[in-house]
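This is what each chain is made of:
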Amino acid sequence: MKQDLKEELKKAFEPPAPEGRDRFLKSMPRPKISNPAFILSQAVYIRKYVWGISGLIFGIALAGTWTVEKNVLWVISALLPFAAVSVVAEHNRSNTFLMSELEMAARFSLKSVVLARMGILGIVHLCLLLILIPMCGHYHAVSVLQTGLYLLVPYLLTTSLGLWAVRRIQGMESVYVCAGIASGVSGIQIFIRAVLPVLFGERYIMMWVLLLSAAAAASALEWKRTIKQTEELIWN
């Protein structure tokens, strides 16, 4: 088809510019909501199993202080990857159920919703760790620094690997991959504790500090890339 004919057809079927669009949009009611109220409103939309995992870990920690005092640190260390991966799965829920496009057309941007929910879960897990670290350290007779390292490294490692995976895998497959990552990190933690317990001694604290720094940097980088990907989806 000739170019001039294409241009004529485009002009013939091009819809007229809307009149009074801005005035109409401004006249529509827009209920206001504060940032704290918006963040709190997102708490009820977080799936119950995510709250259940955090509650289960805390309950096991409390029960372990009376039953397996000297092993409670390693039990919690092996369970924390599943708490981390639950946060990643909650963040990726829209992509898992292929609802991203619909949620991007909602009142609040998908980026704001994701950040609010991740902020809530992050604060909850931070409070949980602030309780678990001194508790486990007390019953395991190790320093608070060591306890924090043994708990935070698997948590942050799972977070970074999970975020890396969900940016590349869509649909329900991402849930299975995240579960596999959490199981793998937990299994490695248990294996090292059983085969090479010397690595958990004071001599190797600096190694754990480096691992924590690397895991934290990787997690921050993956969060940044994930948020950027969300912004690109909104733009598209």
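Here the structure is shown first, and the text comes after it.
## Details of the nonpolar core
- In this structure, Ile76, Leu80, Leu132, Tyr150, Leu151 and Tyr155 are the most contacted members of the largest nonpolar core, which totals 33 residues.
- At the level of secondary structure, the elements contributing two or more residues to this core comprise helix 4 (48-67), helix 5 (72-91), helix 8 (110-140), helix 9 (144-166) and helix 11 (205-235).
- Counting residues per element, this core draws most heavily on helix 8, at ten residues.
- Excluding residues that lie within four positions of it along the chain, Ile76 makes contacts with Ile57, Ile60, Ala61, Leu132, Cys136 and Leu151.

## Comments concerning a nonpolar patch on the surface
- A surface patch of nonpolar side chains, amounting to about 380 Å² of accessible area, comprises Phe191, Val195, Leu196 and Val198.
- Looking at where Val198 falls in the secondary structure, it is placed in the loop between helix 10 (173-195) and helix 11.
- A relative accessible area of 49% places Val198 in the partly exposed class.

## Quick notes on the pattern of salt bridges
- Considering all chains together, one arrives at two salt bridges under this definition.
- The salt bridge partner of Glu222 is Arg167, with a shortest N-O separation of 2.7 Å. Remark: Arg167 occurs in the loop between helix 9 and helix 10 and Glu222 occurs in helix 11; sequence separation between them is 55 residues. The residues Glu222 and Arg167 share a single accessibility class, namely buried.
- Residues Glu222 and Arg225 are paired through a salt bridge, measuring 3.5 Å at the closest nitrogen-oxygen approach.

## Let's talk about helix 9
- Taking 1.5 Å of rise per residue, the 23 residues of helix 9 would be expected to cover 33 Å, and the 33 Å separating its terminal C-alpha atoms lies within 8% of that figure.
- The largest bend along helix 9 reaches roughly 25° and is located at Leu152, with the proline Pro154 sitting one to four residues downstream.
- For helix 9, a buried count of 17 out of 23 residues is recorded, marking the element as mostly surrounded by other parts of the structure.

## Let's talk about the packing of helix 9 against helix 10
- Two elements in contact, helix 9 and helix 10, have axes separated by 9 Å at closest approach and are oriented at 155°. Relative to helix 10, the element helix 9 is oriented roughly antiparallel. Considering the relative orientation of helix 9 and helix 10, their crossing is right-handed. Residues Tyr150, Pro154, Leu157, Thr158, Leu161, Gly162, Ala165 and Val166 of helix 9 form the contact with helix 10, whose participating residues are Ser174, Val177, Cys178, Ile181, Ala182, Val185 and Gln189.
- Broken down by class, the residue content of the contact of helix 9 with helix 10 amounts to eleven nonpolar, four polar and no charged.

## A few points about the packing of aromatic side chains
- All chains considered together, the criterion is met by five aromatic pairs.
- With 5.2 Å between their ring centres and 75° between their planes, Tyr150 and Phe200 make a pair best called edge-to-face. Taken together, the residues span a long stretch of sequence, with Tyr150 in helix 9 and Phe200 in the loop between helix 10 and helix 11 at a distance of 50 residues.
- Overall, the relative accessible area of 1% leaves Tyr150 in the buried class.
- Arranged with centres 5.1 Å apart and planes meeting at 75°, the rings of Tyr150 and Trp208 form a pair that is edge-to-face. Separated by 58 residues along the polypeptide, Tyr150 in helix 9 and Trp208 in helix 11 bring together distant segments of the chain.

Criteria and cut-off values
Residues numbered from 1 in each chain as written. Predicted model: local features only at pLDDT ≥ 70, side-chain atom pairs only at ≥ 80, totals over all residues. Heavy atoms only, no water. Core = buried A, V, L, I, M, F, W, Y, C linked by side-chain atoms within 4.5 Å. Buried < 20%, exposed > 50% of the residue type's maximum accessible area, 1.4 Å probe, protein only. Helix = DSSP H or I, 4+ residues; strand = E, 2+ residues; numbered from the N terminus. Contact = heavy atoms within 4.5 Å. Patch = residues over 30% accessible without salt bridge, like charges linked within 9 Å, V, L, I, M, F, W, Y side chains within 5 Å. Areas by Shrake-Rupley, 256 points an atom, 1.4 Å probe, with all protein chains shown as cover. Salt bridge = Lys/Arg side-chain N within 4 Å of Asp/Glu carboxyl O. Expected span 1.5 Å × (residues − 1). Bend = angle between axes of the 7 residues up to and from the residue. Axes fitted to C-alpha atoms, helices over the stretch in contact; angles between N-to-C directions. Parallel < 35°, antiparallel > 145°, perpendicular 65-115°, else oblique. Left-handed = near helix turned anticlockwise from the far one by under 90°. Nonpolar A, V, L, I, M, F, W, Y, C, P; charged D, E, K, R; others polar. Phe/Tyr/Trp six-rings, centres within 6.5 Å; stacked < 30°, edge-to-face > 60°.

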